[in-house]
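# Summary of the model geometry
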Amino acid sequence: IYNDNLNFIREFIIKEQKSKDILVERLQGYHYGPWHILYPEFFKDETVINIRFFERICFRVHFKRMSSTFAVTNPALNDDLSTFS
């Protein structure tokens, strides 16, 4: 979660920036859990990064211009993200 490659996501959320290419969903879980998780989902038209803190605080960051082809052409990002889940 603290990887410097993810700073742009953190700043986008903190500054509540608006963009047609990036959408941040703020979600609330019902249960507390002593764990955090970060995992990507790669779709045809977008990539979604799911961020959960203490099981209860949740963000889904949608990158509209970053499709499943991004994951294939950027394997280093996949490796970095997979270490967080």
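Reference entry: report on the structure contained in this document.

With that out of the way, let us pick up the overall build of the protein. Of regular secondary structure, the protein possesses 3 helices and 4 strands. Helices (α) and strands (β) of the protein occur, in sequence order from the N terminus, as α-β-β-β-β-α-α. A buried classification covers 28% of the 85 residues belonging to the protein. Restricting the contact set of the protein to residue pairs at least 6 apart, pairs at least 24 apart contribute 49%. As displayed, the protein has an accessible area near 5,900 Å², and 57% of this comes from carbon and sulfur atoms.

Turning our eyes to something else, we now look at the packing of aromatic side chains. In the structure shown here, the tally under the stated rule is 1 aromatic pair. When the ring of Y32 is compared with that of F54, the centres are 5.7 Å apart and the planes differ by 15°; the resulting orientation is stacked. One end of the pair, Y32, is in the loop between strand 1 (22-28) and strand 2 (36-42); the other, F54, is in the loop between strand 3 (47-53) and strand 4 (57-63), with 22 residues separating them in the sequence. You can call Y32 exposed: its relative accessible area is 58%.

The next point concerns the sheet that holds strand 4. Note: strands within a sheet are paired through backbone hydrogen bonds, in either parallel or antiparallel orientation. Pairing is antiparallel in the open sheet, where 4 strands are placed in the order 1-4-3-2. Single-partner strands in this sheet number two, and they are strand 1 and strand 2. On average, each strand axis in the sheet is tilted by 15° relative to the strand beside it, whichever way the strands run. Bridge count between strand 2 and strand 3: 7 bridges; the pairing is antiparallel. Bridging across to strand 3, Y39 finds its partner in N50. Of the strands in this sheet, strand 1, strand 3 and strand 4 touch helix 1 (residues 7-14), which is tilted by about 110° from strand 4.

Rules used in this analysis
Residues numbered from 1 in each chain as written. Predicted model: local features only at pLDDT ≥ 70, side-chain atom pairs only at ≥ 80, totals over all residues. Heavy atoms only, no water. Helix = DSSP H or I, 4+ residues; strand = E, 2+ residues; numbered from the N terminus. Buried < 20%, exposed > 50% of the residue type's maximum accessible area, 1.4 Å probe, protein only. Contact = heavy atoms within 4.5 Å. Areas by Shrake-Rupley, 256 points an atom, 1.4 Å probe, with all protein chains shown as cover. Phe/Tyr/Trp six-rings, centres within 6.5 Å; stacked < 30°, edge-to-face > 60°. Pairing = 2+ DSSP bridges. Axes fitted to C-alpha atoms, helices over the stretch in contact; angles between N-to-C directions.

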